[in-house]
Amino acid sequence: GGTSVADAAAFGRAVKIVRANHDSPVVVIVSAMSGVTDALIAVKDLDEHFERHLQVAQILDAEQQRRFRDLVKNSKREILERLPVVDVRTQDEVASYGERLCAALFALVLEHHDVLATYVDARACILTDDHHGNANPLMHEVRLRAPTLLLPLIESKRVPVLGGFIGATADGVTDRKSTRL
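This text gives an overview of the structure that appears in the document. (Residues numbered from 1 in each chain as written. Predicted model: local features only at pLDDT ≥ 70, side-chain atom pairs only at ≥ 80, totals over all residues. Heavy atoms only, no water.)

## A short note on the pairing of strand β3 (residues 159–163)
Filter applied, for reference: Burial classes follow relative accessibility: with a 1.4 Å probe on protein chains only, a residue under 20% of its type's maximum area counts as buried, one over 50% as exposed, and anything between as partly exposed. To qualify as a helix, a DSSP run of H or I must reach at least 4 residues; to qualify as a strand, a run of E must reach at least 2; elements of each kind are numbered from the N terminus. A pair of strands is labelled paired if DSSP reports no fewer than 2 bridges between them. A clockwise path from the first strand over the helix to the second, with the strands pointing away from the viewer, defines a right-handed crossover.
Most of β3 is tucked away: five of the five residues are buried. The alternating pattern of β3 places V159, V161 and G163 and P160 and L162 on opposite faces, both of which are buried. Examined bridge by bridge, strand β1 (residues 28–30) and β3 share three bridges and lie parallel to one another. Directly across from I29, in β3, lies its bridge partner L162. Read as a crossover between parallel neighbours, the route from strand β2 (residues 117–119) over helix α6 (residues 139–155) to β3 is right-handed.

What follows is the structure in structure tokens.
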């Protein structure tokens, strides 16, 4: 949940859990940082929440920090382009940035702590129906897609890191669910 990645200390605790289990195949699925999804849906206090991500990123080397700052900047621009949020489909897209940013950041933090990790956009693994706001995974498709993307990483001793709660329709439209997909 979001409290397990709420701040730098929480990221540190989560890294310890991954490191302790790294000898087994590990796939990490993270939520958005605590409070971020609600802020994205309300389109409120976004700069404060983006800053929390950047504070966690301060432990990274200069190049990783630059890349992550660029990701945050581009995410913010993309969110603002989708405003005002007028339908559930757009709300799903905007809200998904919380998980996507957190997963990308967690993969970088793992790398900083000498755990080989790769951010994987969950929308490439999780195919959903088009019930925006309450999407359901199409399990047959998930069973085909997820192993194709995740097993090569696991076999190469890399930890895939994905955002939870999100997937995409067959047309590539982002979907969210109120509980994990």
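## What to know about the packing of aromatic side chains
To keep things clear, this is the line we draw: Each aromatic pair joins two rings of Phe, Tyr and Trp (for Trp, the six-membered one) with centres within 6.5 Å, and gets the label stacked for planes under 30 degrees apart, edge-to-face for over 60, and tilted for any other angle. Two thresholds decide whether a charge sits over a ring: the Lys NZ or Arg CZ must be within 6 Å of the ring centre and within 35 degrees of the ring normal.
If you walk through the whole model with that rule in mind, you get one aromatic pair. The aromatic ring of Y97 is capped on one face by R100, whose charged end is 4.1 Å from the ring centroid.

## Considering the packing of helix α3 (residues 46–57) against helix α4 (residues 62–81)
When two helices pack together, their arrangement is given by the angle between their axes and by how far apart the axes lie. Note the following rule: Every axis in this analysis is a line fitted to C-alpha atoms, fitted for helices over the stretch in contact. Angles between the N-to-C directions lie between 0 and 180 degrees. To sort the angles, those under 35 degrees are grouped as roughly parallel, those over 145 as roughly antiparallel, those from 65 to 115 as roughly perpendicular, and the leftovers as oblique. Handedness of a crossing is defined here by the sense of rotation of the near helix relative to the far one, left-handed for an anticlockwise turn of less than a right angle and right-handed for a clockwise turn. Throughout, a residue-residue contact means that at least one pair of heavy atoms, one from each residue, lies within 4.5 Å. Lys, Arg, Asp and Glu make up the charged group, whereas Ala, Val, Leu, Ile, Met, Phe, Trp, Tyr, Cys and Pro make up the nonpolar group; the residues left over, Gly among them, are polar.
Packing of α3 against α4 brings their axes to within 10 Å, and their N-to-C directions diverge by 165°. Classified by the interaxial angle, the pair formed by α3 and α4 is roughly antiparallel. Handedness of the crossing formed by α3 with α4: right-handed. Residues L46, D47, F50, H53, L54 and A57 of α3 touch α4, and the partners they reach there are Q65, F68, R69, V72, K76 and I79. Its residues assigned to classes, the contact of α3 with α4 comprises seven nonpolar, two polar and three charged.

## Some words on the pattern of salt bridges
For clarity, the threshold we go by: By definition, a salt bridge exists where a carboxyl oxygen of Asp or Glu is found within 4 Å of a side-chain nitrogen of Lys or Arg.
A complete count under the given rule lists ten salt bridges for this structure. Linking R82 and E93 is a salt bridge whose minimum nitrogen-to-oxygen distance equals 3.7 Å. Separated by eleven residues along the polypeptide, R82 in the loop between α4 and α5 (88–112) and E93 in helix α5 bring together distant segments of the chain. The class for R82 is partly exposed, based on a relative accessible area of 29%.

Note that every value here comes from positions in space, so none of it alone points to a role or purpose.
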